[in-house]
Amino acid sequence: MFFSSQLKLLLAILLTQVGSGLAVQEIKTDHETVLKINTAGKMMKCSAVMDVLFVMDGSYSVGKGGFERSRHCVQKLCEALDISPKKVRVGVIQFGSTPRLEISLDSYSSREDLKKRIKKIHYRGGSTQTGLVLKYVLRKGFPSRGNSIVPRIVILLTDGKSQGAVQLAASELKQSGVLLFAVGLRYPRWEELHSLASVPVESHVFFAEHFSDAVNGLLTSLSSSSSSSSSSSICMAIPAGCTAESYSCVQKTLETIKQLQGNFMCWKGSKGYSPHTSLCPYYRYTKAYKQLPTVCHRTVCADPCDSQPCQNGGTCMSEGLEKYSCECPAGYGSDPNCAPLLTLDCSVDVLFLVESSTALTLEGFLRLKSFLKRFMQAVLSSDTPVKIGLAQYSNDVKLEAQIGQHRELVKLVQAVDSLQYRKGEAKTGNALRYITRHGFQSAPVFADVQDDLPRVVVLITGSPSADPVVEPAKYARDREIFIIGVAPERMKEEINNITGNPQRTITYSSPDRLSAKIPELKAKICSVDNQGCLGQAVDLIFVLDASASVGKDNFVHLQDFVRSTSVQFDVNRDVAQVSLVIYGRRPVSVFELDTHDSGSAVLRAVGEASFQGGKGSTGSALLHVHSHSLTMGKGARPGVNKAVIVLTDGTGAEDAAVPAQRLRDNGVSVFVIGTGDVQRDSLLRIAGSEDHVITVPFYEDLKYFEDVLVQMVCSDVKKPVNLCRPNPCMNDGICVLLNRSYRCECRGWEGPHCETRSRQQPSRGDLPKPAAQRRRQRTSSKELLQRYREHRRRHAGRSQ
């Protein structure tokens, strides 16, 4: 029994250690260079006479997800080629156990028709017979173009895990004059891809996951004379003003390492009545990264944003090689370069709460007074709609000026000047509770009408609180008081707990940097005047990771986040609609967009969502959203912007890039919130933009990012809407844009959105009619013949 249990343990260990050679490609460049490479890749086009044959790995080792990435990469590459009978001809071969010609080189003469056909290629599976397909390409891949000799290019998309001999077939193919590129899928075996590709290898090996980078690298190589047997390049795809550059990049490989741990006695049989044993080795299998340094050649275009024309944290957006635009943060007006426009032009009630404790010291107190005085002088004018109050605190609170008591700048500055240093303990918690109860008792606007403006407390402090602050701060926020904190960098954690949102925390590294925070404070005060998306039409879909890696306890935090976020939208049939999708073992729609027509109903339904567990796939969840949740039948509305918000820990997100790109291509905004130790690059591939990615260290901190997400969504869903994206037509109907409207062209279906199966007879005469109609026609013919004979008999009787 001892030897049997040891043997079972050894077999279990060996069976669980599977997989080796897992790899990814990492480009060691700064973020700006990556953006330049992607921008150049989108601008590059190749127009030349050549034949391009895509060889797609459809084996089991690639998997369906890898095959989808491969197909998407092929489509992106086709967009950069001038496809026509007299220019670029494109063919596609899929291989697994055997090669299959999916598209011949002379099948399609336009890019649009070719891309439609590529979408219909189905994953086949099978073993990875790369050598067999290369021999097939050598014999049958390139039919001649008459007497002309044109460049022949093979783009092999595979994971590099071929079964059988492959080097000889690749060598014969390259010796015949074919230019061979290798594009890695999923976790490619880089060594094999390098051995298959044409030389120089670094110019002919790419990674399918980085679509724009692969397009850039391929066209840069085709524009280089080194990729051609002749001295001239195949095509000139490098735009004017751009140059081809070389830089270091790294291909990482995750290898499985076998380590001997020791020996143990194991059973080898028996001799007579006694067992025969010997020492058996025991191994441990670990995984470690192996770096393969290489050189990448890419085209880089000069960017007008290199000069950093946008001020005050504005985001520069390139519009070609010469033009740019700036996306400015709140508080900087409409200046093209985000120059500050320091005017409090928002309608809010603001109370400044200034610390005056012993720990702050007299010098620190005078510094805070000076900052507040300069702030008022910088942003207040005679027509400012903001009403201001003033208080200071230490052991207790002294209300120096009620909200709206002073409307003239001179009197407000005098009130600040009259503040006296009080000493005592810095009881910030006590001050917040007092201000919540007594600080906003302003005079009525009219005799019987109180104002209903947003209420803001600006806490200006310099020393840690002497009493608890979490509960008093929550007490204030629960009563719809927005807290903005200004404090030194060392107090950031405490101020975050007070404000409840890091976006409302302002910190400075040294006292001399405090005055530079005036524009930021002005922007944060006015931002609370635009809370939520009330009145903004949007179809909003939350996608929650309910897999085992998240856990049941953390899933509750995700539910709380959805509830707190959804209340900031005006949920009804005409404005905002909310849907919830969770995924673990499989994606499930908890409720659709048109299920609930009120915010309270949404809150109840979110709380009823059940944790799933199991292994999650973010890609499958996004495919479910695309094909199910965003359809007319589930409540999606044409002419309304749509946003998908994914909350995940990053596990199972490897297959999400292509489905997310499909959503974005259909005009759907994708936002990703990653929690825990998650790779930001994987989130960026889903969201498609740095501005749509939020990383949160712990699930408990999600509550601090509710307003951040809402502001991101609100600003994004105000963009113009394409009525045909996503396609509102059901059952493969074609959406046709009209003047401020659209119509659906249906095939075999009818109705405004092709929702009803058509009962009309087919107009083509060569199509067979339904069996029921054929029977009715035979019966009708007999009746007509019988009537005709009776008519003849009657006519003959009258003649006699």
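As a convention, each chain's residues are numbered from 1 in the sequence order in which they are written. Reporting of local features is limited, given that this is a predicted model, to residues whose pLDDT is at least 70; pairs of side-chain atoms are given and counted only at 80 or more, and all residues count toward the totals for whole chains, interfaces and linings. Side-chain numbers here rest on the full set of heavy atoms in the structure, without hydrogens or water.

Helix and strand counts for the protein come out as 21 helices and 27 strands. Per-residue accessibility, obtained with a 1.4 Å probe over protein chains only, is compared with the maximum for each type, and a residue is labelled buried under 20%, exposed over 50%, and partly exposed between these values. Looking at the protein as a whole, 47% of its 800 residues are labelled buried. Between two residues, a contact is recorded if the distance between any of their heavy atoms is within 4.5 Å. In the protein, once contacts between residues fewer than 6 apart in sequence are set aside, the share between residues at least 24 apart is 72%. Reported accessibility uses the Shrake-Rupley method at a 1.4 Å probe radius. Residues are deemed covered only where the shown protein chains occlude them. Total accessible area on the protein stands at roughly 39400 Å², and carbon and sulfur atoms take up 50% of it. Numbering goes from the N terminus for both helices and strands, where a helix is a DSSP run of H or I of at least four residues and a strand is a run of E of at least two.

Further remarks concern the packing of helix α3 (residues 63-79) against helix α18 (residues 657-665). The convention used is that axes are lines fitted to C-alpha atoms, helices contributing only their stretch in contact, and that angles between N-to-C directions extend from 0 to 180 degrees. Packing of α3 against α18 leaves a shortest axis separation of 10 Å and a crossing angle of 45 degrees. Between α3 and α18, the angle falls in the class oblique. Every residue of α18 that contacts α3 at Glu68, Arg69, His72 and Lys76 is listed here: Val658, Gln661, Arg662 and Asp665. Each residue receives one of three labels: charged for Asp, Glu, Lys and Arg, nonpolar for Ala, Val, Leu, Ile, Met, Phe, Trp, Tyr, Cys and Pro, and polar for the others, Gly being one of them. Looking at the contact of α3 with α18 residue by residue, the classes come out as 1 nonpolar, 2 polar and 5 charged. What sets the label is the angle itself: under 35 degrees gives roughly parallel, over 145 gives roughly antiparallel, 65 to 115 gives roughly perpendicular, and the rest give oblique.

What follows deals with the environment of Tyr742. Structurally, Tyr742 is set in strand β25 (residues 741-745). The class for Tyr742 is buried, based on a relative accessible area of 18%. In the structure, Tyr742 is positioned 18 residues away from Cys724 in sequence and 7.3 Å away in space, judged by C-alpha atoms. In this structure, Tyr742 is in contact with Pro638, Leu723, Cys724, Pro728, Cys735, Val736, Leu737 and His753, ignoring residues within four places of it in sequence. Two N or O atoms form a polar contact when they lie within 3.5 Å of each other; inside protein one atom must be a possible hydrogen donor and the other a possible acceptor, and for residues adjacent in sequence the pair counts only when both atoms belong to side chains. A polar contact of 2.7 Å, which involves the side chain of Tyr742, links it to the side chain of His753.

Time to look at helix α13 (residues 492-499). All buried positions along α13 are accounted for by Glu494, Ile495, Asn496, Ile498 and Thr499. Tucked into the core, α13 has its buried residues touching α11 (428-438), β15 (455-460), α12 (470-478), β16 (481-488) and β17 (505-508).

Our next topic: the sheet that holds strand β13 (residues 387-393). Here, strands pair whenever DSSP counts at least two bridges between them. Spatial strand order, β14-β13-β12-β15-β16-β17: 6 strands in an open sheet with mixed pairing. On the outer flanks of this sheet lie β14 (397-401) and β17, each paired with one strand and no other. For this sheet the average axis-to-axis angle between neighbouring strands, irrespective of direction, equals 20 degrees. Sheet topology note: the strand β12 (residues 349-355)/β15 ladder contains 6 bridges and is parallel. In the sheet register, Leu353 faces β15, and the bridge partner there is Leu459.

Let us look at the pattern of salt bridges. If the charged atoms of two oppositely charged side chains come close together, the side chains can form a pair. Any carboxyl oxygen of Asp or Glu within 4 Å of a side-chain nitrogen of Lys or Arg constitutes a salt bridge here. Counted by the stated rule, this structure contains 19 salt bridges. Between Glu79 and Lys115 there is a salt bridge, with the nearest N and O atoms lying 2.8 Å from each other. Of this pair, Glu79 sits in helix α3 while Lys115 sits in helix α4 (residues 111-119), and the two are 36 residues apart along the sequence. A residue is classified by how much of its surface remains accessible, and Glu79, at 28% relative accessible area, is partly exposed.

Among the 8 residues in strand β3 (residues 88-95), 8 count as buried, and that is most of the element. Side chains Val88, Val90, Val92 and Gln94 project from β3 onto one buried face, and the interleaved Arg89, Gly91, Ile93 and Phe95 project onto a second face that is buried too. Taken together, strand β2 (residues 50-57), α3 and β3 form a β-α-β motif whose crossover is right-handed. Alignment of β3 against strand β4 (residues 99-103), held across 4 bridges, turns out to be antiparallel. A crossover counts as right-handed when, viewed with the strands pointing away from the observer, the path leading from the first strand over the helix to the second turns clockwise.

Next up on the list: the confidence of the model for the protein. Every residue gets a pLDDT, meaning the predictor's confidence in that residue, from 0 to 100. Across the protein, pLDDT averages 83, with 85% of residues at or above 70. The low-confidence segment residues 444-450 (pLDDT under 50) makes 5 contacts with residues lying over four places distant or belonging to another chain. Counting interchain partners and residues more than four positions distant, the pLDDT-below-50 stretch residues 771-779 has 3 contacts.

Membership of the largest hydrophobic core comes to 42 residues, with the highest contact counts inside it found for Phe54, Ile155 and Leu222. At the level of elements, β2, α3, β3, α4, β5 (152-158), β6 (178-184) and α8 (211-222) are the ones that each hand at least two residues to this core. Tallying contributions element by element places α8 first for this core, with 6 residues. If near-sequence neighbours (up to four positions away) are discounted, Phe54 is found in contact with Val74, Leu77, Cys78, Val90, Gly91, Val92, Ile93, Ile155 and Leu157. Formed by 40 residues, the second largest nonpolar core is a distinct cluster that contains Phe561, Val562, Val578 and Val708. We call a set of buried Ala, Val, Leu, Ile, Met, Phe, Trp, Tyr and Cys residues a nonpolar core when their side-chain atoms join them within 4.5 Å.

With that settled, consider the side chain of Thr618. Locating Thr618 in the fold gives a position in helix α17 (residues 618-629). Using a relative accessible area of 0% as the deciding quantity, one classes Thr618 as buried. In contact with Thr618, other than residues within four places in its own chain, are Tyr583, Val646, Thr648, Thr651, Gly652, Ala653, Asp655, Ala656 and Ile686.

Quick look at the sheet that holds strand β22 (residues 668-675) now. Strands belonging to one sheet form pairs held by backbone hydrogen bonds; the direction of such a pair is parallel or antiparallel. The strand order across the open sheet built from 6 strands is β20-β19-β18-β21-β22-β23, with neighbouring strands paired in mixed fashion. Strands at the two margins of the open sheet, each flanked by one partner only, are β20 (587-591) and β23 (693-696). Across this sheet, the average inter-strand angle for adjacent strands is 20 degrees, counted without regard to direction. Both β22 and β23 contribute to a ladder of 4 bridges, which runs parallel. If you follow Gly674 over to β23, its bridge partner there is Thr695. Sheet strands touched by helix α19 (residues 680-687): β21 (642-648), β22 and β23. Its angle to β23, the strand with the most contacts, is close to 150 degrees.

Let us look at a positive patch on the surface. Patches here are clusters of residues that have more than 30% relative accessible area and form no salt bridge, with a 9 Å joining cutoff for like charges and a 5 Å cutoff for nonpolar side chains (Val, Leu, Ile, Met, Phe, Trp, Tyr). A residue counts as positive if it is Lys or Arg and as negative if it is Asp or Glu; His and the chain ends are not included. Lysine's charge is taken at NZ, arginine's at CZ, aspartate's at CG and glutamate's at CD. A cluster of basic residues, Lys116, Lys119, Lys120 and Arg747, forms a positive patch on the protein surface. The topology assignment puts Lys116 in helix α4. On the accessibility criterion, Lys116 (56% relative accessible area) is exposed.

This part takes up the packing of aromatic side chains. Two aromatic rings, drawn from Phe, Tyr or Trp (for Trp, its six-membered ring), form a pair once their centres lie within 6.5 Å of each other, and the interplanar angle then sorts them: stacked below 30 degrees, edge-to-face above 60, tilted otherwise. Applying the stated criterion across every chain, the model contains 6 aromatic pairs. Each ring, one from Phe67 and one from Tyr123, has its centre 5.7 Å from the other, and the planes form 50 degrees; the classification is tilted. Here Phe67, found in helix α3, pairs with Tyr123, found in the loop between α4 and α5 (130-141); they are 56 residues apart in sequence, far enough to count as distant. For Phe67, a relative accessible area of 0% translates into the label buried. Given the relative accessible area of 25%, Tyr123 is considered partly exposed. Definition used: whenever NZ (Lys) or CZ (Arg) falls within 6 Å of the ring centre and also within 35 degrees of the ring normal, the charge is taken to sit over that ring. The ring of Tyr475 has Arg433 sitting right over it, with the charged end atom 4.9 Å from the ring centre. The aromatic ring of Phe440 is capped on one face by Arg455, whose charged end is 5.6 Å from the ring centroid.

Following Val199, the chain continues to Pro200 via a peptide bond in cis, the omega torsion being -5 degrees. Mapped onto the fold, Pro200 is located in the loop between α7 (190-196) and β7 (205-207). Across the junction of Arg725 and Pro726, the peptide omega takes the value -5 degrees, indicating a cis bond. Relative to the elements of secondary structure, Pro726 occurs in the loop between α20 (706-716) and β24 (734-738). Located in the positive-phi region is Thr361, a residue other than glycine, with phi close to 75 degrees. Tracing the chain through its elements places Thr361 in helix α9 (residues 361-379). Overall, Thr361 belongs to the partly exposed group, its relative accessible area being 38%.

Any two cysteine sulfur atoms lying within 2.5 Å of each other are counted as a disulfide. Counted by the stated rule, this structure contains 7 disulfides. With its sulfur 2.2 Å from that of its partner, Cys46 forms a disulfide with Cys235. On the S-S bond that ties Cys46 to Cys235, the torsion sits near -130 degrees, and the link is left-handed. With Cys46 in the loop between α2 (31-43) and β2 and Cys235 in the loop between α8 and β8 (242-271), this residue pair connects regions lying 189 residues apart in the sequence. The same class applies to Cys46 and to Cys235, which are both buried. Note that Cys266 is cross-linked by a disulfide to Cys280, the S-S spacing being 1.6 Å. Handedness of the Cys266-Cys280 disulfide follows from its S-S torsion of about 45 degrees: it is right-handed. Placement of Cys266 in strand β8 and of Cys280 in strand β9 (residues 274-301) is noted, with a sequence separation of 14 residues between them.

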